[in-house]
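# Examination of the molecular architecture
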Amino acid sequence: MSEPLFAGLKVVDAASVIAAPAAAMMLADFGADVIKIEKPGRGDMLRILSNMPGTPEECRNYMWDMDGRNKRSIALNLKTEHGKQILHELADWCDVFITNMPYPSRIEFNATYEDLKVTNPTIVYASLTAYGELGEERDRKAFDQLAYWARSGLMDLMREPGTKPTQGLPGMGDHPTAVAIYAGIVTALLKRERTGEGSFVQTSLLANGLWSNAAIAQGAMAGADMERYRDATEVPGVTMQGYQAKDGRWLQLNMIRTEQMLSILFTVMGAEGLLVDPRFASMRDMYRNRREAGEAIQAIIETRTSGEWMELFEEAELPVNLMAVVEESAKDAQVLENRIAMVPNENSVGVPLLLNHPLQVSGVEHVPTTAPPGLGEHSKEILRELGYDQNSIEELIETGAVATLSPNPS
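Below or above, wherever it landed, is the structure these notes cover. (Residues numbered from 1 in each chain as written. Predicted model: local features only at pLDDT ≥ 70, side-chain atom pairs only at ≥ 80, totals over all residues. Heavy atoms only, no water.)

## Quick look at the environment of A14
You can see A14 is positioned in strand β1 (residues 10-14). Residue classification places A14 among the buried positions, given a relative accessible area of 7%. Taking the C-alpha atoms as reference, A14 lies 7.1 Å from F97; in sequence the two are 83 residues apart. Not counting the four nearest positions on each side in its chain, A14 is found in contact with I37, F97, I98, T99, N100 and M101. (Helix = DSSP H or I, 4+ residues; strand = E, 2+ residues; numbered from the N terminus. Buried < 20%, exposed > 50% of the residue type's maximum accessible area, 1.4 Å probe, protein only. Contact = heavy atoms within 4.5 Å.)

Here it is, written out as structure tokens:
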């Protein structure tokens, strides 16, 4: 195996939970040396997410296995002067500093970009906030459920008319946001390579939520009649809704886009009567009477199982999709053949399959996966690399500025 793309790149992960640590994991996957700074005691909340309400129960610590992999851990008490000193030594050591610390904490620890670039002017400082770097809400804390999902308007839009807004899934906005952070860091590294200058990279959960919602949000910002839009989408178009088969599985017809394909669909369904019904004479008529058309299609779809329908539709080369249930992804040939999920190469990784981040580049291989670190597992090793001798290390541990290995939850 050739040298990893980011071999020699030094990264500090001074972040918590999902989005920013996942961006650091992406750099580690391509060979960066990532040192994760955690609080002594419980460490990053990411370590316990797999055991919290709202996630599938499993004895294996799968969230930590996924987003904590390929890193080293040092446990620092940043409330101590020595802890802060080591933080600054690591900031001077690194090429990339990733954080989502609230700004009051950054100010308390002298860990803003303005602070750190004084002694490391080429640093790439990646900052994640909930609501942005400016304005009254800069210091507000929030998870992706609030800033990405609720504040962006997605939570309001993604529901059946007349029903309560739906809560999002854990990490649903965090993992896409991690890709945005990674993209910003790589852009800044290219700038540094060309100019020798460091950069302040920033994004927010709100920005990424609105970007995910851009097809609708941009319309609203352009002055579109949103009341008319909501009225028009109260009943979705005939091919823009799900249909439930006899076995309870759902079919999706979104790719049926032309009158010819619709005619073939109705023929396969044995619904030729719909073709001659004046209410559905054209796509325009079909849309105008979409409630009645949808009810007629549903009455036919529910007479057969999803497997029977899919076999018929595939024979007719119709692009109808079976809506997946997430349990199927572990055995999905497309997922496995395209390395969307992979079998870890190290037995100490606790899960049989590990989700990859979505970026694949030809000739840029992932490093062999190493298990995520125990809390403070590499504290002594990292301090030695920073130049501390054994006596100094023991003194730092005694005073509580640094903690050493805690068992990795499993």
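## As for helix α8 (residues 174-195)
In this model α8 runs 31 Å from its N-terminal to its C-terminal C-alpha over 22 residues, within 8% of the 32 Å that 1.5 Å per residue would give. Along α8, the positions that sit buried rather than exposed are D174, T177, A178, I181, Y182, G184, I185, A188, L189 and R192. Across the axial projection of α8, the buried residues extend over an arc of 165°, all falling on one side. Seen from the open side of α8, the exposed residues pointing more than 90 degrees away from its buried face are T187, E193 and R194. Check the buried side of α8 and you find it contacts α1 (19-29), β4 (96-99), β5 (124-129), α6 (144-150), β6 (199-204) and α9 (205-212). (Expected span 1.5 Å × (residues − 1). Arc of directions from axis to C-beta.)

## Topic: the sheet that holds strand β3 (residues 72-76)
Read across the sheet, seven strands follow the order β6-β5-β4-β1-β2-β3-β12 without closing on themselves; strand pairing throughout is mixed. The open sheet has two edge strands, β6 and β12 (402-403), and neither has a second partner. For β1 and β4, the ladder comprises four bridges, and the chain directions are parallel. Directly across from D13, in β4, lies its bridge partner I98. Running at roughly 145° to β3, helix α3 (residues 81-93) makes contact with β1, β2 (33-38), β3, β4 and β12 of the sheet. (Pairing = 2+ DSSP bridges. Axes fitted to C-alpha atoms, helices over the stretch in contact; angles between N-to-C directions.)

## Some words on the sheet that holds strand β7 (residues 242-244)
Read across the sheet, three strands follow the order β7-β8-β9 without closing on themselves; strand pairing throughout is antiparallel. Either end of the sheet is taken by a strand with one partner, and the two such strands are β7 and β9 (321-322). Sheet topology places β7 next to strand β8 (residues 250-252); three bridges connect them, and they run antiparallel. When the bridges of β8 are listed, Q244 appears paired with W250. Relative to β7, helix α15 (residues 290-301) is tilted by about 35°, and along the sheet it contacts β7 and β8.

## Some remarks on the environment of P358
Within the fold, P358 resides in the loop between β11 (354-355) and α18 (379-385). With a relative accessible area of 65%, P358 lands in the exposed category. Counting along the chain gives 305 residues from P358 to P53, while the straight-line C-alpha distance between them is 26 Å.

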